[in-house]
Amino acid sequence: MKQGGSDAAKRAAGESAAEAVEDGMVVGLGTGSTAAHAIRAIGRAVDAGLDVVGVPTSFQSRELARDCGIPLADLDDASVDLAIDGADEVAGGDLVKGGGAAHAREKVVDASADRFIVVADPTKEADVLAHPVPVEVLPMARSTVAEAVEALDGDPDLRRAARKDGPVVTDNGNLVLDCDFGAIEDPAALAGRLSETPGVVAHGLFVGLADEVHVGTDDGVSVRD
Ligand code: 5RP
């Protein structure tokens, strides 16, 4: 997993993206340590009088947003103007997401947004996606999906909880297979094959979804369209 970026770089990216939030917006609130910096910055702006509503992408982002005083809604009541979310790997407008096992809800919120800003540090950048792809599966389909992934020349690995004797369980009650495909030369084709596999709830390939990428460093931010 690419988790090596500095907190200063993550903060620079998150705070840069938060500057795009305008009064009256509905904002998709991503998951992870970089998106958390954006949520905290939005919370400070709300304290200062900004009128926004957040749509969280996970239990984690919901709790943080509540702590920060950001009013919340769900997608039945609001349509998202701007989503801000992190990534495990970025190649152009294509992403691998799901390091926090939140990619199913993240994809729904991020794809629904009028504008989707990815926040990342330089360790996430790549020419070609090669990060293992998190695949959320129905628990009863864990073995059949693993076989389908192997048939696609992938190497599936059930994600296990770091400090517990058991698998990671998503906010949706499902399991995650981290699937190593090596270099992914055609992300759209692989995304299609994974999506059509019975038992797959959501995979972490976000193909062509990013409108902008804000890459933070210890010294500043560069914005890529
Ligand atoms: C969660 C995600 C995260 O956005 C991704 O793992 C990046 O996290 P971080 O900013 O902590 O490196 O996809 O499912």
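Residues numbered from 1 in each chain as written. Predicted model: local features only at pLDDT ≥ 70, side-chain atom pairs only at ≥ 80, totals over all residues.

**Observations concerning helix 6 (residues 187-195)**
Part 1: Burial in helix 6 covers these residues: Pro-187, Leu-190 and Leu-194. In an axial view of helix 6, the angular spread of the buried residues amounts to 65°, which keeps them on one side of the axis. Turned more than 90 degrees away from the buried face of helix 6 sit Ala-188, Ala-189, Gly-192 and Ser-195, all of them exposed.
Part 2: Where helix 6 is buried, its residues contact strand 5 (94-96), strand 7 (133-137), strand 10 (200-203) and strand 11 (205-206). (Buried ≥ 20, exposed ≤ 12 C-beta atoms within 10 Å, placed from the backbone. Helix = DSSP H or I, 4+ residues; strand = E, 2+ residues; numbered from the N terminus. Arc of directions from axis to C-beta. Contact = placed C-beta atoms within 7 Å.)

**What to know about the site of the ligand**
Part 1: Around the ligand sit 19 residues, and of these Gly-32, Thr-34, Gly-86, Gly-99 and Gly-100 come closest.
Part 2: Listing elements by their share of the shell around the ligand, those giving two or more residues are helix 2 (33-47) and helix 4 (103-112).
Part 3: Counting residues per element, the shell around the ligand draws most heavily on helix 2, which supplies 3 residues. (Near = placed C-beta within 6 Å.)

**What to know about the UniProt feature "active site" (unreviewed entry) in the chain**
Part 1: Feature annotation in UniProt assigns "active site" (unreviewed entry) to the following positions: Glu-106.
Part 2: Locating Glu-106 in the fold gives a position in helix 4.
Part 3: Apart from the residues lying within four places of it in its own chain, the contact partners of Glu-106 are Gly-30, Thr-31, Thr-57, Asp-85 and Lys-97. (UniProt positions renumbered as here; feature names shortened; annotations may be inferred.)

**Observations regarding the sheet that holds strand 11**
Part 1: Read from one edge of the open sheet, 3 strands run 4-5-11, paired in antiparallel fashion. Looking at which strands have only one partner, the edges of the open sheet turn out to be strand 4 (89-91) and strand 11.
Part 2: Where strand 5 and strand 11 come together, 2 bridges link them in antiparallel fashion. If you follow Val-96 over to strand 11, its bridge partner there is Leu-205. (Pairing = 2+ DSSP bridges.)

**Here we look at the sheet that holds strand 7**
Part 1: Spatially, the 4 strands line up as an open sheet ordered 8-9-7-10, and their pairing is antiparallel. Two strands in the sheet have a free side with no partner beyond their single neighbour: strand 8 (155-158) and strand 10. Mean inter-strand twist for the sheet, computed between neighbouring axes without regard to direction, equals 30°.
Part 2: Against the sheet, helix 4 contacts strand 7 and strand 10, and its axis sits at roughly 65° relative to strand 10.
Part 3: On top of the sheet, helix 6 reaches strand 7 and strand 10; it is set at about 160° to strand 10, its chief contact. (Axes fitted to C-alpha atoms, helices over the stretch in contact; angles between N-to-C directions.)

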